[in-house]
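Residue strings, one per chain:
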Amino acid sequence: MAILEYLSLKPYNTFGIDACAHYFCRVQSKEAILHVIQHELQYYPKFLIIGGGSNILLCDDYDGLVIKNEITGIEITKEEEDFVWVKSYSGTVWHELVRYCVLHNYGGIENLSLIPGTVGAAPMQNIGAYGAEIKDTFDELEAIDLQTGTSRTFTKEECRFGYRESIFKREEKGKFFIYSVTFRLSKKPLINIAYGDIQKTLLEKNISIPTIKDVSDAVMEIRKSKLPDPKELGNAGSFFKNPEVEKSIAEHIQLEFPAMPRYDLPDGKVKIPAGWLIEQAGWKGKLVGNTGNHAKQALVIVNYGKASGNEIWQHALNVQKSVFEKFGIRLEPEVNVIR
Ligand code: EPU
């Protein structure tokens, strides 16, 4: 097991931040991660597991061990007439899994096309987009206890998924290495095109009976038109979560801003798009030094090339402060901020 020293993490985070890992290793098998747990972790003050590095902001150099998950592969574990169980190892690129499923006409994750990151990171924050979340097709996952090296299976209920939430971001934070994730997908896919932009895109292409490939293509087109490609402009997607507020607060804001978009939730609360709040606070398309908010989607904070992690974090705090001053709503980062 090679442990590298003082390695730049620039290629390993989609913000493109040139922070350095004091120690760095790659794991490509279960044996490798078990070796790290049993023989290495004890020697480092702290550790950080990364997949695609697409949801982290590295504020500074990391003075611990960075473990890059490169355990890949996709397998069918069970098949019935209507459903198929697809197991993917956690270092697999998420979109590779989506492509595999679309190719085989296994339906359920096509709306999540092109989300950056790896399969292992997906359940951590219950990734979601265009009317779907992974909890909708999640079956179970295998995780390895980072203290003991023992394996444990988590069912959907045990993961306690919520909006961009799971037990791995709360009670069990930092305690497990997610090794594989199994999805239950449909061999007779039901198309989910309730999200307005998908319908619009399909209509423009004159597609009236879409396949899951059509849906996947439409989602990719929408994402490419709205969200910056991290290969061209460093970013980690939505920087904040969409806040869920009491109905009275939403209605109070709407008196002054009748055009405010809102989604009424089953629990009576109202979800307000953080991108809209940030745009109203004047940040959309604004450049601040080496960072700023994207011109097409204010919720995405970008690195124009040379930003440090701290510069981006300071900018995010300024955005958070101004939204709070204008609306009384405190935005919560969706990105995992490593300080
Ligand atoms: N909006 C604005 N100004 C902006 C951005 C958005 O007014 O600058 C308004 C839009 O007009 C729309 C509403 O806000 O009425 C929602 O915008 P959008 O459809 O772009 O979605 P979002 O709520 O901003 C969420 C996810 C995205 C996901 C999209 C599509 C979160 C934090 N973000 O964004 O996920 O792709 O929905 O489903 O829930 C990510 O997590 O990294 C991510 C990109």
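Residues numbered from 1 in each chain as written. Predicted model: local features only at pLDDT ≥ 70, side-chain atom pairs only at ≥ 80, totals over all residues. Heavy atoms only, no water.

S.K.: So what exactly am I meant to see when it comes to the overall build of the protein chain here?
M.R.: For the protein chain, the helix and strand inventory stands at 9 helices and 20 strands. A compact globule built from 339 residues should have a C-alpha radius of gyration of about 20 Å, and the protein chain, at 20 Å, falls within 12% of that. By the burial criterion, 51% of the 339 residues in the protein chain qualify as buried. Excluding contacts between residues fewer than 6 apart, the proportion of contacts in the protein chain whose partners are at least 24 apart in sequence is 60%. Entry remark: accessible area of the protein chain is about 16100 Å², with carbon and sulfur atoms responsible for 50%. Looking at the protein chain, you have 40 positive and 44 negative side-chain charges, and the mean spots of the two groups are 3 Å apart. (Helix = DSSP H or I, 4+ residues; strand = E, 2+ residues; numbered from the N terminus. Rg over C-alpha atoms; globule rule 2.2 N^0.38 Å. Buried < 20%, exposed > 50% of the residue type's maximum accessible area, 1.4 Å probe, protein only. Contact = heavy atoms within 4.5 Å. Areas by Shrake-Rupley, 256 points an atom, 1.4 Å probe, with all protein chains shown as cover. Lys, Arg positive; Asp, Glu negative; His and termini not counted. Charge placed at Lys NZ, Arg CZ, Asp CG, Glu CD.)

S.K.: I keep staring at the pattern of salt bridges and nothing clicks. Help me out?
M.R.: Where charged atoms from two side chains of opposite charge approach closely, those side chains can pair. One pass over the full model with this rule turns up 23 salt bridges. The partner of Lys46 in a salt bridge is Asp63, and the shortest N-O contact between them spans 3.2 Å. Here Lys46 is found in the loop between helix H1 (30-40) and strand E3 (47-50), whereas its partner Asp63 is found in strand E5 (residues 62-69), with 17 residues between them in sequence. For Lys46, a relative accessible area of 30% puts it in the partly exposed group. Among the ionic pairs, Asp82 bridges to Lys188, the shortest N-O distance being 2.8 Å. Pair noted here: Asp82 is in the loop between strand E6 (74-79) and strand E7 (83-89) and Lys188 is in the loop between strand E12 (176-186) and helix H5 (196-204), with a separation of 106 residues, a long-range link. Residue classification places Asp82 among the partly exposed positions, given a relative accessible area of 33%. (Salt bridge = Lys/Arg side-chain N within 4 Å of Asp/Glu carboxyl O.)

S.K.: Is there a simple way to think about the packing of aromatic side chains in this case?
M.R.: For any two aromatic rings, the description comes down to two numbers: the centre-to-centre distance and the angle of the planes. In this structure the tally under the stated criterion is 15 aromatic pairs. Every member of this aromatic cluster is reached through a ring pair, and the members are Phe15, Phe239 and Phe240. One Lys or Arg, Arg184, reaches over the ring of Phe83 and ends 3.6 Å from the middle of that ring. Note that Lys286 overlies the ring of Trp283, its terminal NZ or CZ placed 5.4 Å from the centroid. (Phe/Tyr/Trp six-rings, centres within 6.5 Å; stacked < 30°, edge-to-face > 60°. Lys NZ or Arg CZ within 6 Å of the ring centre and 35° of its normal.)

S.K.: Where do I start with the site of the ligand in this structure?
M.R.: Among the 22 residues in the neighbourhood of the ligand, the closest are listed as Tyr130, Tyr163, Arg164, Tyr195 and Glu279. In this structure, an oxygen atom belonging to the ligand sits 2.8 Å away from a side-chain N or O atom of Asn242. The separation between an oxygen atom of the ligand and a polar side-chain atom of Lys284 is 3.3 Å. Surface burial for the ligand is 81%, taken as the share of its 820 Å² of free accessible area covered by protein chains. When residues of the shell around the ligand are assigned to their parent elements, the largest contribution, 3 residues, is made by helix H8 (residues 274-280). Class assignment of the residues belonging to the shell around the ligand gives a composition of 11 nonpolar, 5 polar and 6 charged. (Near = heavy atom within 4 Å. Polar contact = N/O pair within 3.5 Å; in protein donor to acceptor, adjacent residues only side chain to side chain. Nonpolar A, V, L, I, M, F, W, Y, C, P; charged D, E, K, R; others polar.)

S.K.: In this structure, what is going on with the side chain of Asn293? I would like to understand it.
M.R.: Counting through the fold element by element, Asn293 comes out in strand E18 (residues 291-293). With relative accessibility at 0%, the residue Asn293 sits in the buried group.

S.K.: I keep staring at the pairing of E12 and nothing clicks. Help me out?
M.R.: Here is the key point about a regular strand: its side chains alternate between the two faces of the sheet. For E12, a buried count of 10 out of 11 residues is recorded, marking the element as mostly surrounded by other parts of the structure. Of the pairings in the sheet, the one linking E7 to E12 comprises 7 bridges and is antiparallel in character. Across the sheet, Trp85 pairs through a bridge with Arg184, a residue of E12. Strand direction decides the pairing type here: strand E10 (residues 138-145) and E12, joined by 7 bridges, are antiparallel. Looking at the pairing, Ala143 lines up with Ile178 of E12. (Pairing = 2+ DSSP bridges.)

S.K.: What is the right way to look at the sheet that holds E5 in this model?
M.R.: The strands making up a sheet are joined through hydrogen bonds of the backbone, oriented either antiparallel or parallel. Spatially, 4 strands are ordered E1-E2-E5-E3 in an open sheet, and the strand pairing comes out mixed. Unpaired on one side and paired on the other, strand E1 (4-8) and E3 mark the two borders of the sheet. Sheet twist, expressed as the mean angle between neighbouring strand axes with direction ignored, is 40°. In this structure, strand E2 (residues 20-27) lies alongside E5, joined through 6 bridges in parallel fashion. By the bridge assignment for E5, Phe24 is matched with Val66. Helix-sheet contacts for H1 involve E2 and E5, and the interaxial angle to E2 is about 135°. (Axes fitted to C-alpha atoms, helices over the stretch in contact; angles between N-to-C directions.)

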